[in-house]
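Reading the structure
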Amino acid sequence: MLVIRKAPGQPPELVVMENTLEALQQAVGGYIETVSFCEDALVICNEEGRLQGLPYNCDFLGISFVGPILIVGVDGDEMCSLDDGNAALLLYMLGRAAP
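Residues numbered from 1 in each chain as written. Predicted model: local features only at pLDDT ≥ 70, side-chain atom pairs only at ≥ 80, totals over all residues. Heavy atoms only, no water.

**Description of the pairing of strand β4 (residues 41–46)**
With six of six residues buried, β4 is to be regarded as a mostly interior element. Pairing geometry for strand β3 (residues 32–38) and β4, over six bridges, is antiparallel. Counted as the bridge partner of I32 is N46 from β4. Counted along the chain from β3 to the antiparallel partner β4, the turn is two residues long. (Buried < 20%, exposed > 50% of the residue type's maximum accessible area, 1.4 Å probe, protein only. Helix = DSSP H or I, 4+ residues; strand = E, 2+ residues; numbered from the N terminus. Pairing = 2+ DSSP bridges.)

In structure tokens:
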């Protein structure tokens, strides 16, 4: 699926990754926590990132995140690829011009 990955100290980037729990956990370095911010996208972060002392990543929509994050699409109860319009807007909101 097409997602946005943002690592601490790095610009956000569009990446393709498997839509599996294992791939999501590997990408954020542990158990996942989801943070909903609209009906068709959400942030995935490390559930224990603050307890593990992960480095500051970014502030997004008033929430401070540590460690790597992913932004994925949502279709009903399933995670999916971001559509092109959402991906471009979210990249812009994270401070990077869309490709």
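**Some points on the pattern of salt bridges**
Counting across every chain of the model gives one salt bridge. Residue E13 is joined to R5 by a salt bridge in which the shortest nitrogen-to-oxygen separation is 2.8 Å. (Salt bridge = Lys/Arg side-chain N within 4 Å of Asp/Glu carboxyl O.)

**Here's the deal with unusual backbone geometry**
With phi around 55°, L61 is a residue other than glycine that occupies positive phi space. Looking at where L61 falls in the secondary structure, it is placed in the loop between β5 (56–60) and β6 (63–66).

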